[in-house]
Amino acid sequence: KSSVTVVTDFGATTVTADTLYDDMLFDTGSTVFVDGSEYRGSIILKRDSNGLITVINRVDIEDYVASVVSKEMSPSFNEEALKAQAVCARTYTYKNMGKHKKYGFDLCSSVDCQAYSGVSSEDERTTSATEQTEGLVMKYNGQIIEAVYSATSGGWTEDVKNVWGSDIPYLV
């Protein structure tokens, strides 16, 4: 982005890439709005190597998971399915922390990582599913697994060996 508007309890600030020389931190202990979207935690504005602004949301993992679950599956789904998705999303998060480290953040907000949009996607049912599974992750032989999933398969699945070129025992 070439400019970003951040709104906190203290007012609005518009930052342009050409005036951002050092990282800016917005941490009010409340929610923060960035270009109209609301986020929990803190916001860091960082100028990237292309001279544009990268917006980073530093957020508690359980708040992050609650938002992801409702973006990756409908909040109207069965409660047990939502809880399973919360465990998958949390597992994926821990396994992939640092995936985008070279850009100054851990995970992106697109389907390259997990769909995430902050407070706007939170739902009472997905938040409940996240709370009921708090801290739970999937492991195999004591290690956090690569919890791969997709929002839709189009009705088709494939053998893991044909996708990743080797057998992964917990992916059947």
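Structure's up top.
The rules behind each value
Within each chain, residue numbers correspond to sequence positions counted from 1 in written order. Residues qualify for local features only when their pLDDT is at least 70, as the model is predicted, and side-chain atom pairs are given and counted only at 80 or more; totals for whole chains, interfaces and linings, by contrast, use all residues. Note: side-chain values were computed over all heavy atoms of the structure, leaving out hydrogens and water. Here the axes come from fitting lines to C-alpha atoms, over the contacting stretch only for helices, and the angles between their N-to-C directions go from 0 to 180 degrees. Labels follow the DSSP assignment, with helices taken as runs of H or I lasting at least four residues and strands as runs of E lasting at least two, numbered in each case from the N terminus. What makes a crossing left-handed is the near helix being turned counterclockwise from the far one by less than a right angle; a clockwise turn instead makes it right-handed. Note on contacts: a residue pair is in contact if any heavy atoms of the two residues lie within 4.5 Å. For this scheme, ten residues count as nonpolar: Ala, Val, Leu, Ile, Met, Phe, Trp, Tyr, Cys and Pro. Four count as charged, namely Asp, Glu, Lys and Arg, and the remainder, Gly too, count as polar. Every patch collects residues that have over 30% relative accessible area and no salt bridge, joining them within 9 Å if they carry like charges and within 5 Å if they are nonpolar side chains (Val, Leu, Ile, Met, Phe, Trp, Tyr). Only the protein chains shown count as cover for residues, and the accessible areas themselves come from Shrake-Rupley with a 1.4 Å probe. Each salt bridge in this description consists of a side-chain nitrogen of Lys or Arg and a carboxyl oxygen of Asp or Glu lying within 4 Å of one another. Relative accessibility under 20% of the residue-type maximum defines a buried residue, over 50% an exposed one, and the middle range a partly exposed one, all with a 1.4 Å probe and only protein chains included. Directions are taken from the helix axis to each C-beta atom, and the arc is the one they span. Think of a polar contact as two N or O atoms within 3.5 Å of one another; within protein, one of them needs to be a possible hydrogen donor and the other a possible acceptor, and neighboring residues in sequence only count if both atoms come from side chains. Here a helix's expected span is defined as the number of its residues, less one, multiplied by 1.5 Å.

Points about the packing of helix α2 (residues 79–96) against helix α3 (residues 124–132)
(1) Moving on: The N-to-C vectors of α2 and α3 enclose an angle of 65°; their axes lie 8 Å apart at closest approach. α3 is crossed by α2, and the crossing has right-handed handedness. Along the contact surface, α2 presents E79, L82, K83, A86 and R90, while α3 presents R125, T126, S128, A129, T130 and Q132.
(2) Moving on: Of the residues assigned to the contact of α2 with α3, the class counts are three nonpolar, four polar and four charged.

Description of a nonpolar patch on the surface
(1) Moving on: Taken together, the side chains of V148, V163 and W164 define a hydrophobic patch exposed on the protein surface, amounting to about 290 Å² of accessible area.
(2) Moving on: For W164, the location among the structural elements is in helix α4 (residues 160–164).

Details of α3
(1) Moving on: When we look at burial in α3, the residues that qualify are T126, A129 and T130. Looking down the long axis of α3, one finds its buried residues gathered within 100° of arc, a one-sided arrangement. Exposed and facing more than 90 degrees away from the buried side of α3 are E124 and E131.
(2) Moving on: Looking at the buried side of α3, the elements it contacts are α1 (61–72) and α2.
(3) Moving on: Its side-chain oxygen placed 2.8 Å from the backbone nitrogen of R125, D123 serves as the N-cap of α3.

Topic: the environment of N141
(1) Moving on: Checked against the element boundaries, N141 lands in the loop between β8 (139–140) and β9 (143–144).
(2) Moving on: Owing to a relative accessible area of 67%, N141 belongs among the exposed residues under this scheme.
(3) Moving on: A sequence separation of 16 residues divides N141 from R125, and the C-alpha atoms of the two residues are 32 Å apart.

Considering the pattern of salt bridges
(1) Moving on: The final tally for this structure, using the stated rule, is six salt bridges.
(2) Moving on: Put simply, K1 and D35 hold a salt bridge, and the shortest N to O gap is 2.8 Å. Placement of the pair is K1 in the segment before β1 (3–8) and D35 in the loop between β4 (32–34) and β5 (37–39), with a sequence separation of 34 residues.
(3) Moving on: Under the relative-accessibility criterion, K1 is labelled partly exposed at 48%.
(4) Moving on: Ionic pairing is found between K46 and D23, a salt bridge with its closest N-O pair at 2.8 Å. One end of the pair, K46, is in strand β6 (residues 42–47); the other, D23, is in the loop between β2 (11–16) and β3 (24–26), with 23 residues separating them in the sequence.

Digging into α1
(1) Moving on: In this model α1 runs 16 Å from its N-terminal to its C-terminal C-alpha over twelve residues, within 8% of the 16 Å that 1.5 Å per residue would give.
(2) Moving on: By the criterion of burial, α1 is predominantly enclosed, with ten of the twelve residues buried.
(3) Moving on: Taken together, the buried positions of α1 are I61, E62, Y64, V65, A66, S67, V68, V69, S70 and E72.
(4) Moving on: Check the buried side of α1 and you find it contacts α2 and α3.
(5) Moving on: Sitting at the head of α1, D60 places a side-chain oxygen 2.9 Å from the backbone nitrogen of E62.

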